[in-house]
Amino acid sequence: MEPDSPTPIYPMSRLLSVAVLSLGFALLAGGCANLEADKTANWTVEHFLAEGRSKLQDGKWEEAITTYQKLLGRYPFGSHAEQAQLDIAYAYYKNGERPLAVATADRFIQMHPTHPRVDYAYYLKGLAGFQPPSGIFSRITGDSPSERDISPVREAFDAYRELINRFPDSHYASDARERLVHIINVLAMHEVNIARYYYSRGAFVAAVNRAKRVLEIYQSSAVVEHALGVMLDAYRKMGFADLRADTARVLKLNYPGSRYLN
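Residues numbered from 1 in each chain as written. Predicted model: local features only at pLDDT ≥ 70, side-chain atom pairs only at ≥ 80, totals over all residues. Heavy atoms only, no water.

A.B. asks: Please set out the packing of helix H10 (residues 204–217) against helix H11 (residues 224–238) residue by residue, giving values where relevant.
C.D. replies: Put simply, H10 and H11 touch, their axes get as near as 9 Å, and they point 155 degrees apart. What the angle tells us is that H10 and H11 run roughly antiparallel. By crossing handedness, the relation of H10 to H11 is classed as left-handed. Side by side, H10 and H11 meet where Phe204, Val205, Ala207, Val208, Ala211, Lys212, Val214 and Leu215 of the first sit next to Val224, Ala227, Leu228, Val230, Met231, Ala234, Tyr235, Lys237 and Met238 of the second. When grouped by side-chain class, the residues that make up the contact of H10 with H11 number 15 nonpolar, no polar and two charged. (Axes fitted to C-alpha atoms, helices over the stretch in contact; angles between N-to-C directions. Helix = DSSP H or I, 4+ residues; strand = E, 2+ residues; numbered from the N terminus. Parallel < 35°, antiparallel > 145°, perpendicular 65-115°, else oblique. Left-handed = near helix turned anticlockwise from the far one by under 90°. Contact = heavy atoms within 4.5 Å. Nonpolar A, V, L, I, M, F, W, Y, C, P; charged D, E, K, R; others polar.)

A.B. asks: Could you give me a rundown of the nonpolar core, with the residues and numbers involved?
C.D. replies: Counting residues in hydrophobic clusters, the biggest one holds 65 residues, and the most contacted among them are Tyr68, Val153, Tyr160, Ile183, Leu187, Val192 and Val214. Sorting elements by how many residues they give to this core places helix H9 (residues 173–200) first, with 10 residues. Here Ile183 is in contact with Phe130, Val153, Ala156, Phe157 and Tyr160, once residues within four sequence places are set aside. (Core = buried A, V, L, I, M, F, W, Y, C linked by side-chain atoms within 4.5 Å. Buried < 20%, exposed > 50% of the residue type's maximum accessible area, 1.4 Å probe, protein only.)

A.B. asks: Explain the pattern of salt bridges to me, and be specific about the residues and the numbers.
C.D. replies: Following the criterion strictly, the structure yields nine salt bridges and no others. Taking the shortest distance from any N to any O, the salt bridge between Glu63 and Lys55 comes out at 2.9 Å. Of the charged contacts in the structure, one is a salt bridge between Arg179 and Asp175, with a shortest N-O distance of 2.6 Å. With Arg179 and Asp175 both in helix H9 and four residues apart, the pair spans about one turn of that helix. Connected via shared salt-bridge partners are Arg154, Glu191, Arg210 and Arg213. (Salt bridge = Lys/Arg side-chain N within 4 Å of Asp/Glu carboxyl O.)

Here's what the structure looks like:
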């Protein structure tokens, strides 16, 4: 077996030279880091805002977020800070970081409930909370938001509803109303899916009760037909001929061409 390599012994002068050289590199690296950190040291609020807007216009979402965060760290109060918070939420939304966009918009609403642009914060919270899937894409993949976690959809529903109730004349109210119609259909379809699950498990009473929620809460939804269809089948399974006949009558009156009547 070969012996271990001996530990080299260097002259003291050489050790000192290495130490001084290492210290020099460390100081140089620290100086470069400070220069990099000080890049925005003398920036004014206007400079930060202009740089942030430029990044947003160029679609550089992460750089815009970093710029606005530095602004808030340097100038945390005032109208410029409030605008920066809204722009950060928007940048998060555009960058696909929806939970962060929702949280940032929600924080703005809580901190500035009477702000002139709080309606935009509600609108942005709704946008980030739920986006309907592309019609073509959803038809190909069979993707349905009603079959996934419904919590973000409910948050979007609450945000849009608050926007419409508090600011009916807002610039964003009209679009929020249109989006709310789609969200109501998603929430109603979620209830129908639960009713269908109960039906598949033989829990016919639970299926009927869940389907009735659609008629009670989302009566204007296009999904009402499917809820009535679940009730029709469940009453048939339970042998409730009168209730089934009543349900069929309502279904035929409102949806004469429904496949559930066959």
